[in-house]
Amino acid sequence: MFPVLPIRYVEPVYRPPSEAESLILPLTDGCSWNQCTFCEMYTAPQKHFRARDEAEVLESIERTGERFGSAIRRVFLADGDALVLPTRRLLKVLDAIRKHLPAVRRVSSYCLPRNLRKKSVEELGELAAAGLAIAYVGAESGDDEVLERVNKGETHDSTLEALNKLGAAGIKRSVMILNGLAGPDLSLRHADQSARLVNATQPEYLATLVVSFPLGEERLRGGFPGWRALSQHELFVEMERFLAGLELERTVFRSDHASNWLILKGTLGADKDRLLRQVRDAIANPQAAALRPAWARGL
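Residues numbered from 1 in each chain as written. Predicted model: local features only at pLDDT ≥ 70, side-chain atom pairs only at ≥ 80, totals over all residues. Heavy atoms only, no water.

- Identification of the protein as Bacteriocin maturation radical SAM protein 1 from Candidatus Accumulibacter vicinus is taken from an unreviewed UniProt entry.
- The record in UniProt for the protein states the following under Cofactor (unreviewed entry): "[4Fe-4S] cluster". (UniProt positions renumbered as here; feature names shortened; annotations may be inferred.)

Written out as structure tokens, the structure is:
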């Protein structure tokens, strides 16, 4: 969309699927935690965590505005957890976006729950007022044992606290749960506790994707002996358990990542019964689910 951007990128660059048309603006390189054993996104040497120089970021915003200011409607703050930065610095970035990219209507960021422990609801409210609209929170699981085994550095309660802070501040929450993360032994606990976490926080958006390991499973297995990937049938059973446990009022739900075998879209709770029927049909007729064309599986 923006062929020659005056922004320095360190590959690989990641963003949520819903930010496909957003300007990617790095405030940091890498992830400040980067110890989750299921995540390979920031393990390359060049992605070692560091905060970008403030002057560089502000200059990038100004120069981007000079060239493309009227064309940019959304901005995603990269890399893995831009909200680790002090509120003061984030407010300066948001102010620069308002000044130099006046057509922007939405700013978003990934967010680790741990990075909100020192931020008050009032501080987050300042960020919301300055333009931060959505925080993407990788909860991964609501089960403490699963979180410990994958070295997430969070608990059910720490994630709940962060999500409630964001909601109280007026920042929309997009929560992601990893289907299959717990392996077979903890699968149903993972589903139940994840549903409990989501019910308690009522996020505006909820997504699931299937855990995968392009670089191999050794890193995960170091702290999770006996783990194995779930079969397609087991993934569907876990998803059915998770959906059945959800009691949501108005949450947009998507399970349409390229990793998902079964594409599910709806609003919970209005579409809960329909989504459960889809999953139960897949459990009863796994051959039909497996033979769905690649484009229908989001590939």
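Now that the structure is up, let's keep going.
Notes on the side chain of Thr251
- Relative to the helices and strands, Thr251 resides in strand β9 (residues 251-255).
- Not counting the four nearest positions on each side in its chain, Thr251 is found in contact with Gln202, Pro203, Glu204, Tyr205, Leu206, Gly266, Thr267 and Leu268. (Helix = DSSP H or I, 4+ residues; strand = E, 2+ residues; numbered from the N terminus. Contact = heavy atoms within 4.5 Å.)

Comments concerning the nonpolar core
- Core analysis: the biggest nonpolar cluster contains 56 residues, and Val75, Ile97, Leu206 and Leu243 have the highest contact counts within it.
- Ranked by the residues each element gives to this core, the list is headed by helix α2 (residues 87-100), at 5 residues.
- Filtering out sequence-adjacent residues up to four positions away, Ile97 remains in contact with Leu25, Ile61, Val75, Leu77, Pro102, Val104 and Val107.
- One finds Cys31, Phe38, Tyr136 and Phe213 within the second-largest nonpolar core, a separate group that totals 25 residues. (Core = buried A, V, L, I, M, F, W, Y, C linked by side-chain atoms within 4.5 Å. Buried < 20%, exposed > 50% of the residue type's maximum accessible area, 1.4 Å probe, protein only.)

Looking at a negative patch on the surface
- A cluster of acidic residues, Asp144, Glu148, Asp157 and Glu161, forms a negative patch at the surface.
- Relative to the helices and strands, Asp144 is located in helix α4 (residues 144-149). (Patch = residues over 30% accessible without salt bridge, like charges linked within 9 Å, V, L, I, M, F, W, Y side chains within 5 Å. Areas by Shrake-Rupley, 256 points an atom, 1.4 Å probe, with all protein chains shown as cover. Salt bridge = Lys/Arg side-chain N within 4 Å of Asp/Glu carboxyl O. Lys, Arg positive; Asp, Glu negative; His and termini not counted. Charge placed at Lys NZ, Arg CZ, Asp CG, Glu CD.)

Considerations on helix α3 (residues 121-130)
- Three or more residues of α3 are buried, namely Leu124, Leu127 and Ala130. When α3 is viewed along its axis, its buried side chains cluster within an angular range of 120° and face the same direction. Residues Glu122 and Ala129 are exposed on α3 and point more than 90 degrees away from its buried face.
- If you follow the buried residues of α3, they end up packed against α2, β6 (132-140) and α5 (156-169). (Arc of directions from axis to C-beta.)

Structural notes on the layout of surface pockets
- By volume, the largest pocket is sized at about 1400 Å³.
- Pro16, Pro17, Tyr110, Met176 and Leu209 are, among the 49 residues lining the largest pocket, the residues nearest its centre.
- Residue assignment for the lining of the largest pocket shows that the elements contributing at least two residues are β5 (106-110), β6, β7 (172-179), β8 (205-210) and β9.
- Ranked by residue count, the leading element in the lining of the largest pocket is β8, at 6 residues.
- A per-class count over the lining of the largest pocket returns 29 nonpolar, 10 polar and 10 charged. (1 Å grid on protein atoms, 1.4 Å probe; cavity = no way out; pocket = protein on both sides within 12 Å on 5 of 7 lines; lining within 4 Å. Points joined across faces, edges and corners; volume = space filled by probe spheres on them. Nonpolar A, V, L, I, M, F, W, Y, C, P; charged D, E, K, R; others polar.)

Details of helix α9 (residues 272-284)
- The end-to-end C-alpha distance of α9, which contains 13 residues, comes to 18 Å, matching closely the 18 Å that a straight helix rising 1.5 Å per residue would cover.
- If you check which residues of α9 are buried, you get Lys272, Leu275, Leu276, Val279 and Ala282. The buried residues of α9 occupy an angular sector of 125° when the element is viewed end-on, so they sit on one face. What points out from α9, more than 90 degrees from its buried face, is the exposed set Asp273, Arg277, Asp281 and Ala284. (Expected span 1.5 Å × (residues − 1).)

As for empty space enclosed by the protein
- Across all of its chains, the model carries 4 cavities of 30 Å³ or more by this definition.
- Of the voids in this model, the largest cavity is the one considered here, and its volume is about 80 Å³.
- In terms of lining, the largest cavity is formed by Asn179, Val210, Leu235, Phe236, Met239, Ser255, Asn260, Trp261, Leu262 and Leu264.
- For the lining of the largest cavity, the element with the highest residue contribution is helix α8 (residues 232-245), accounting for 3 residues.
- Within the lining of the largest cavity, the residues separate by chemical class into 7 nonpolar, 3 polar and no charged.
- Taken together, Ile177, Asn179, His190, Ala191, Ser194, Thr208, Glu238, Met239 and Phe242 make up the lining of the second largest cavity.
- Along the lines of polarity and charge, the residues of the lining of the second largest cavity split into 4 nonpolar, 4 polar and 1 charged.

Points about the pattern of salt bridges
- Evaluated as defined, the whole model comprises 23 salt bridges.
- Salt-bridge contacts for Glu145 lead to Arg149; the nearest nitrogen and oxygen are separated by 2.6 Å. Within this pair, Glu145 and its partner Arg149 are both found in helix α4, separated by 4 residues, close to a single helical turn.
- Classification of Glu145 as partly exposed rests on a relative accessible area of 26%.
- Residues joined in a network through salt bridges with shared partners are Arg8, Asp29, Arg50, Arg52 and Glu56.

Focus: the packing of α5 against helix α6 (residues 187-201)
- Contact geometry for α5 and α6: axes closest at 9 Å, N-to-C directions at 25°. Here α6 runs roughly parallel to α5, going by the angle between their axes. For the element pair α5 and α6, the recorded crossing hand is right-handed. Counted together, His156, Thr159, Leu160, Leu163 and Asn164 of α5 and Gln193, Arg196, Leu197, Ala200 and Thr201 of α6 form the full contact between these two elements.
- Its residues placed into classes, the contact of α5 with α6 shows 4 nonpolar, 5 polar and 1 charged. (Axes fitted to C-alpha atoms, helices over the stretch in contact; angles between N-to-C directions. Parallel < 35°, antiparallel > 145°, perpendicular 65-115°, else oblique. Left-handed = near helix turned anticlockwise from the far one by under 90°.)

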